Amino acid sequence: MADLKYAAYVCSGCGIGERIDAAQTAKIAEKEGKIALVRQHPFLCSSDGVALIRKDIGEGATHVAIAACSRRAKTEAFHFPSVALARANLREGVIWARPDTDEARETTQEMADDYVRMACAELKKMKLPAGNPEVGRSTRILVVGGGISGLTAAVEARKTGYEVVLVEKQAQLGGWAAKLWKRVPDREPHAAPVDTGVRELIDAVTKDAGVKVYTNATLAQTSGAPGRFNATIAIESGASVNEEIGAIVQATGFSLYDMNRLPELGAGKSPNVVDQAGLEKLAREAEASGQPICRPSDGGEVKSVVFVQCAGQRDESGKHLPYCSGYCCNTSIKQAMYFKDANPAVDTVVVYTDLRVPGNGEDFYRSAQHKGVVFTKGKVASVEPDGNACTVNFRDLILDEDARIEGADLVVLATGQVANAGVDIENADATDANGAKPISILNLNYRQGKDLPKLSHGFADSHFICFPYETRRTGIYAAGPVRRPMDIAQAMEDATGAVLKAIQAAENSQLGRSAHPRSGDLSFPMVRLDGCTQCKRCTVECPFGAIDEDEKTYPVFNESRCRRCGTCMGACPVRVISFENYSVDTVGAQIKAVDIPDEFSEKPRILVLACENDAYPALDMAAMQGNHYSAFVRVIPVRCLGSVNTIWITDALNGGYDGVMMMGCKHGDDYQCHFVKGSALATERMSKVDETLKTMSLETERVATYEVAITDLKRLPQLIEDYAKVIDKIGMSPMKGFA
Amino acid sequence: MTEVVATSQTIVVVGGGISGMTAALEAAECGRQVLLIEKTPALGGRTALLYRYFPKLCHPTCGLEINLRRLKSSRNLRVLTMAEVTKITGARGDYSVSLKLSPRYVNENCTACGACSEAVEAAIDNPYNYGLSKMKAAYLPHAMAYPQRYVLDPSIVGTPEGEKAKAACKYGAIDLGMKQETLEIKAGAVIWATGWQPYDAAKIQPYGYDRYPNVITSLEFERLADPHGPTGGKITRPSDGREAKDIAFIQCAGSRDENHLRHCSRICCMASLKQTQYVREAYGEEGKSTVYYIDIRAIDRFEDFYRKVLADKTVRFVKSKPARIAEDRKTLDPVIHGVDTEGYHRYASRHDLVVLAVGMEPAVKGADIPHEIVADSSGFIESAASGGFFGAGCASNALDVNRSVQSATASALRAIQVVRKSDRVEA
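Since this is a predicted model, take the numbers as computed values, not measurements.

Parameters and conventions
Residues numbered from 1 in each chain as written. Chains lettered and ligands numbered in written order. Predicted model: local features only at pLDDT ≥ 70, side-chain atom pairs only at ≥ 80, totals over all residues. Helix = DSSP H or I, 4+ residues; strand = E, 2+ residues; numbered from the N terminus. Buried ≥ 20, exposed ≤ 12 C-beta atoms within 10 Å, placed from the backbone. Contact = placed C-beta atoms within 7 Å. Pairing = 2+ DSSP bridges. Axes fitted to C-alpha atoms, helices over the stretch in contact; angles between N-to-C directions. Domains from an automatic or database assignment. Nonpolar A, V, L, I, M, F, W, Y, C, P; charged D, E, K, R; others polar. Expected span 1.5 Å × (residues − 1).

Further remarks concern the overall build of chain A. Looking only at helices and strands, chain A features 19 helices and 29 strands. Across its three principal directions, the C-alpha atoms of chain A cover 95 × 60 × 50 Å. Counting all 739 residues of chain A, 60% fall into the buried class.

So, on to the overall build of chain B. For chain B, the count of helices and strands is eight helices and 24 strands. Dimensions of chain B, computed from the C-alpha atoms along their principal axes, are close to 65 × 60 × 35 Å. Considering chain B as a whole, with its 427 residues, one finds that 57% of them fall into the buried category. The long-range fraction of contacts in chain B, counting pairs at least 24 apart against all pairs at least 6 apart in sequence, stands at 69%.

All names here are of chain B. If you walk across this open sheet you meet the five strands as β13-β20-β14-β15-β16, and the pairing is parallel. The open sheet has two edge strands with one neighbour each: β13 (215-217) and β16 (315-319). The mean inter-strand angle of the sheet, taken between neighbouring strand axes irrespective of direction, is 25°. In the packing of helix α6 (residues 268-283) onto the sheet, the strands contacted are β14 (246-253), β15 (288-293), β16 and β20 (353-358), and the crossing angle to β14 comes to about 175°.

Take the domain arrangement of chain B next. Residues and elements named next belong to chain B. By the assigned domains, chain B splits into domain 1 (11-102 + 180-195 + 363-419), domain 2 (115-168) and domain 3 (199-360). The distance between the C-alpha centroids of domain 1 and domain 3 comes to 31 Å. Taken residue by residue, the interface counts twelve residues in domain 1 and 21 residues in domain 3. Each residue belonging to the side of domain 1 that touches domain 3 can be placed in one class, and the counts come to nine nonpolar, one polar and two charged.

Residues and elements named next belong to chain A. Where strand β16 (residues 374-386) and strand β17 (residues 389-396) come together, eight bridges link them in antiparallel fashion. Paired with S382 across the bridge in β17 is N393. Count of turn residues in the β16/β17 antiparallel hairpin: two residues, of which G387 carries a positive phi of about 65°. Inspection of the sheet shows β17 paired to strand β18 (residues 401-408) by six bridges, in the antiparallel sense. Within β18, the position partnered with V392 by the bridge is I405. Taking the residues that link successive antiparallel strands as the turn, the β17-β18 hairpin has four residues, and the phi of D400 there is positive, at about 55°.

Before going further, it helps to spend a moment on the interface of chain B and chain A. Contacts between chain B and chain A engage 64 residues on the former and 71 residues on the latter. Looking at the side of chain B that touches chain A, the elements with two or more residues in it are α1 (18-28), α2 (60-73), α7 (302-310) and α8 (401-419) of chain B. Of the residues forming the side of chain B that touches chain A, the biggest block, eleven residues, is contributed by α8(B). Here the residues of the side of chain B that touches chain A are counted per class, giving 24 nonpolar, 19 polar and 21 charged.

We now examine helix α15 (residues 615-624) of chain A. Structural remark: α-helix, 3.6 residues per turn; residues separated by three or four positions point the same way. When you tally the buried positions in α15(A), you get ten out of ten residues, the bulk of the element. Within α15(A), burial applies to A:A615, A:Y616, A:P617, A:A618, A:L619, A:D620, A:M621, A:A622, A:A623 and A:M624. Contacts from the buried residues of α15(A) go to α4 (91-95), β26 (606-611), β27 (633-638), β28 (659-664) and α19 (715-730) of chain A together with α2 of chain B. Following α15(A) by one or two positions, A:G626 adopts a phi angle in the positive range, close to 85°.

This part covers helix α9 (residues 328-342) of chain A. Across its 15 residues, α9(A) extends 21 Å between first and last C-alpha, which sits within 8% of the 21 Å expected from 1.5 Å per residue. Counting buried positions along α9(A) yields 13 of 15 residues, so the element is predominantly enclosed.

Let us now look at the domain arrangement of chain A. What the domain assignment reports for chain A is domain 1 (1-128), domain 2 (141-255 + 419-510), domain 3 (258-415) and domain 4 (596-739). With centres defined by C-alpha atoms, the gap from domain 1 of chain A to domain 3 of chain A works out at 70 Å.

Take a look at the structure:
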């Protein structure tokens, strides 16, 4: 295009000028890179250097290559949002990665020259993202679930000035919290149960014209994307209504683990054995009647209550919940106080294995001890109801002997939380922990399934410690116990955070900006449909379910659901998917730009495709700390290993590279790939490259995939050195000179 | 002079650890103007000093890299390091915040080339390794430090060492005449994400942290395991540098104790379980971990991790709060004395190294903050619904990283609710 103007700048600061011939490198940009305007500068990130670049941009430069430090450094100085920008990493990637010796000088120079060739080639193929044409209009927040998490989400969204649509399956708002007599305190003095506050939240929501409440209602279908979701709500009358939605908070809570699955603990055998919800019911009835809580079997006086912790939880038999629900210890303490506060003469015993009351729960626990609640470390084996009394048999873990409590009037089983997270999109036949076959909650019309993907034990949590609101369905944020077992205080905090993320997703979709982790990215995948073979790989492999299929199984991209990882680009066998500033061509051109010495040079070339979040920074930091590596590698950062298209590998090998190293994040159960399955997909795809290598008569060692971490500052240079030795052993590629 | 544009629409976030960075980024990515204030020379806070996170055993620096990239690409967020809040006046929606900016003696010309550090010989205790190692007095705080700019320790300013640094810099980045500055800025809301500090282990006298070299804190142990740490990731004894293969972890060191911290610090059980796996990583079957505990608080799906550690033959659990630690004078081995409450047996157990799982207390007590603020009796900040001050992360409660980030995200929304007034018409 005639109006494009390319400029390249070679910095000689930070020792670059002393270690390499910057003038030669600049000449390469001009001659081989075919860049019209090439400048050298001794200190490019200085105000003077930056002003120079700005001036050139002002005079029409639209594409700028900067050959200086790593793209991770000096980002503020080299921030030119109006141009396409490529960075050649001559500092961390070249001079700091190499020893300062005479014998290293030549190969170090070659490295620098190649990185400049690569930046120029990349620049030629890059476009400044024009901005996503698919922008949202709606910023209304859909809250699914009217329990304390959903109510909190609705109230907080309103306080921030956003309209809310709230859908509740039950006839009444309030969820579990409305069934409680009181709740565990979240403020000092943490001494006694307090009011739940749920009435006030319901009032705030129902009296606010900015919240449209649908009770006895479910989502019949959810379609669209952030900023333009369309929720079809099935309402009580049997009719359905459509609401335009910007983003969604799913606060569908939990079901209590069904105590009837615990007959050995007396459940179902006597009305005097209840779960925690049953005890709340008794407490509310007692309050209504003005009487103390009485024995369900005959209305008799309650003199002794036993609380059985971890009933059907932390189970190792595989029959019940393997996890801990976290809130139940405090709940049992609260319920023991219901009795002690009314009548200190009632015996209350909590039988537990580990009492788990983190934070200020410790004060609450202490308060219970002062009130005379007895805590016994033990594991309950069985509960035997006999008439109006129950015998609780347990292993006393302190005395290491079997023990029993006889004559309990009431036994409360602390069963746990089972997430109401909808269907398991990976296993349609899966039942939940209660043995029920879940029905879909969101009824998404997405290609990849109707509900949020689940993480573990049926909860729809994020996998990331640093990013609890990382969602695999952009614009839909789980909050409260649907996400992870939790108590009221955490659920309310969680719901508040989730609303922020929902608001953020809706607002950014209007600006065409990506959601986390490439926040603000304006690029988006573009597909050339006339070349598409409808193979469906992109629609199946997208980690975020962003791509649907039309009736002819062509991909339908929903840009504002996309997180810009490029997994679709890596998946596409006919290479019709690309981003304007990151494409099959921008990387392919870099690969081809590298100068490949001939077979007899003893200078192999190894292509390194490195994840930009972990492997690339690790290489930078390794060099910063003086850990050197082979001058034969040429490193290209990729958005995610999932974005690596196998054409890059075959192009590299056909072009005479001697080996390819792919460096991505850990995959498997504890995966660390922030695009969920990018590194796993890449590994799988590369396992198939062996066939290609064989047809090319190349050794399988010529392509290697590694799981690396950002802390591998010593290991990464070592991996490179080791790989260079492998190449040395198998010899130079026979493909040189044919490209 | 440092110039900062801030208005009553600006959200000020105090503290640049993971909570503060999260609160600042989330608000900025909602289109809000944010000023992030950090006391030390670099962002990252305490999580940057952890080797791995539980339960995935992933690396905190991975998330830090993502957050730094978000931060570098955000035009709504401004960062001030070496800055502290000294005074706040005004009310919700209209505060005046006074800041004290300490001199870094290095200006924005710094390219982080490292020439000053090479030139300087003076060394100081490395706070990023809790003083377990030394570093040059001209330093980059750590490999991922943001801003990526060196710092001169004040101790060398005005000495020949300072002049050496200045002479070594080709870019005019060393400014030995830099003075402390004060700055007045406007803010609509303030988020306190001032984090936590370890409870002073020396106060738990029977454990002898101040007397025995081979009794260390859980935070120091993180540094020992970290390849960036003082031993390059080797788990060794401070007394003699010998490999520490038999390690005791004492839970509730300062927590759940009316003489020290009343609250449970929440993270320590999981942190110790995680650290037993560092021992396994380093020494395999030869490593030996013993966890002395009251209750193992591995809530929700952390239970999976607890079970994995329970199945690990190199890890032993003793239900006991140890009474005291003695030291073998000859070998300097710590010997733990106590009673195992599962069966009431007395024990005297010798280990190579004892790690105290120290409790978490707020780094800044609510009462110390220069404005009226609501804090509980432990100093954790409570967000007052009517005010424009919000606690986030461990400044507000004893939280793990995941919950700190939730808390920080929620506090960002609360701050937005304060500053949004003028620009969005209620529907």
